[in-house]
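# Structural features, examined
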Amino acid sequence: PRKGKGGGVAFLFDPKRISVDRHTVKGFKSFEVSECLIKTAKVPTRLCVIYRTTRTKCKGNYEDTKIVKFMEEFEKYLEDVVEKFGAPMICGDFNFHVENREDHNAR
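Procedures and definitions
- Residues numbered from 1 in each chain as written.
- Predicted model: local features only at pLDDT ≥ 70, side-chain atom pairs only at ≥ 80, totals over all residues.
- Heavy atoms only, no water.
- Pairing = 2+ DSSP bridges.
- Helix = DSSP H or I, 4+ residues; strand = E, 2+ residues; numbered from the N terminus.
- Axes fitted to C-alpha atoms, helices over the stretch in contact; angles between N-to-C directions.
- Buried < 20%, exposed > 50% of the residue type's maximum accessible area, 1.4 Å probe, protein only.

Pairing is mixed across the open sheet formed by four strands, whose spatial order is β1-β2-β3-β4. Every interior strand has two partners, whereas the edge strands, β1 (19-25) and β4 (87-93), have only one. Taken over all neighbouring pairs, the strand axes of this sheet differ in orientation by 20 degrees on average, direction set aside. When strand β3 (residues 45-52) meets β4, the two strands line up parallel, connected through seven bridges. The partner of Val 49 across the bridge, within β4, is Cys 91.

Below you can see the structure in the form of structure tokens.
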């Protein structure tokens, strides 16, 4: 879990019906990810909750640099997550403002 501003995600479940294993994935500077492997009687699902920070440790302080770094790291994450057990379901806060028609990165 991150320290600072707060926020977060809640997931409620009945432990008699669903088994959940939580994993924090490390190694990315442009986003945070937490995974939960949800095992049910049918299909196991890997819930992947992403938070793309608006601050990053990449060179420069320009928005395009941050987005390039995110795209590079997110591509690597996707390559890894599809190899893991459980069908991935990816959600979260990517901090792209799709309502802004001028933002070419949000398309």
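Within the secondary structure, Pro 88 is located in strand β4. What makes Pro 88 partly exposed here is its relative accessible area of 38%. For the pair Pro 88 and Cys 48, spaced 40 residues apart in the sequence, the C-alpha separation amounts to 6.8 Å.

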